[in-house]
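What follows is the residue order along each chain.
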Amino acid sequence: MLGAAFITLEVREFVSFIARGAGPSRSAFLSSFFTLVGCHGAHVTAGLLWLGTMMAQFYAKGFRTDIRHRFLCFTLFWHALDIIWVAIFSLVYLVGTLPAEFLP
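Numbers given for residues are sequential positions, taken from 1 along each chain in its written order. Totals for whole chains, interfaces and linings use every residue, but because this is a predicted model, local features are given only for residues with pLDDT of at least 70 and side-chain atom pairs only at 80 or more, for both listing and counting. Water and hydrogen atoms were dropped before computing side-chain values, which therefore reflect all heavy atoms in the structure.

Some points on the packing of helix α1 (residues 2–19) against helix α2 (residues 28–61)
Pairs of packed helices are described in terms of their axes, by the angle between the two and the distance that separates them. Whenever a helix is involved, its axis is fitted only over the stretch in contact; in every case the axis is a line through C-alpha atoms, and angles between N-to-C directions fall within 0 to 180 degrees. The helix and strand labels rest on DSSP assignments: H or I over at least four residues marks a helix, E over at least two residues marks a strand, and numbering proceeds from the N terminus. Here α1 crosses α2 at 150°, and the two axes come no closer than 10 Å. With respect to α2, the axis of α1 lies roughly antiparallel. Helix-helix and strand crossings are classified by hand; for α1 and α2 the assignment is left-handed. Listed contacts from α2 to Gly 3, Ala 4, Phe 6, Ile 7, Glu 10, Glu 13, Phe 14, Phe 17 and Ile 18 of α1 are Phe 33, Phe 34, Val 37, Gly 38, His 40, Gly 41, Val 44, Thr 45 and Leu 48. Grouping the amino acids of the contact of α1 with α2 by side-chain chemistry returns eleven nonpolar, five polar and two charged. Oblique is the label for any angle not under 35 degrees, not over 145, and not in the 65 to 115 range, which are roughly parallel, roughly antiparallel and roughly perpendicular in turn. The handedness criterion is simple: a crossing whose near helix is rotated anticlockwise from the far helix by less than a right angle is left-handed, and one whose near helix is rotated clockwise is right-handed. Here, two residues are considered to be in contact whenever any of their heavy atoms come within 4.5 Å of each other. Residue polarity follows a fixed list, in which Ala, Val, Leu, Ile, Met, Phe, Trp, Tyr, Cys and Pro are nonpolar, Asp, Glu, Lys and Arg are charged, and the others, Gly among them, are polar.

What to know about the confidence of the model for the protein
Per-residue confidence from the predictor is reported as pLDDT, a score between 0 and 100. Across the protein, the average pLDDT comes to 84, with 90% of residues at or above 70. In the model of the protein, helix α3 (residues 65–95) stands out as the element of lowest mean pLDDT, 83, in contrast to α1, which has the highest, 90.

Side note on the environment of Ala 87
In this fold, Ala 87 is placed in helix α3. Each residue is placed in one exposure class: buried if its accessible area under a 1.4 Å probe, protein chains only, is under 20% of its type's maximum, exposed if it is over 50%, and partly exposed if it falls in between. For Ala 87, a relative accessible area of 41% translates into the label partly exposed. Once the C-alpha coordinates of Ala 87 and Phe 71 are considered, the two residues, 16 residues apart in sequence, prove to be 25 Å apart.

Have a look at this one:
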């Protein structure tokens, strides 16, 4: 549910930015912002589709060994996304907000 809420908020934010004239073609910052956040949204969407597929397989076929193996692969994918994107967003949002005297 959190992933779906994130995608909904992301799409609304993109629409709002573009409506205010702050689209990706306006500046290099906005171009990289739309690319980074859009790529994250694509990964979350892929994960949500994969999760839905896994849930349907568990419901239809039960907890067979091959399906449990696919679920393990899914959990590794999802947690790798967590680690990578938390690091990227921390750098983009937190380092981007530090006062100039703290930056190298």
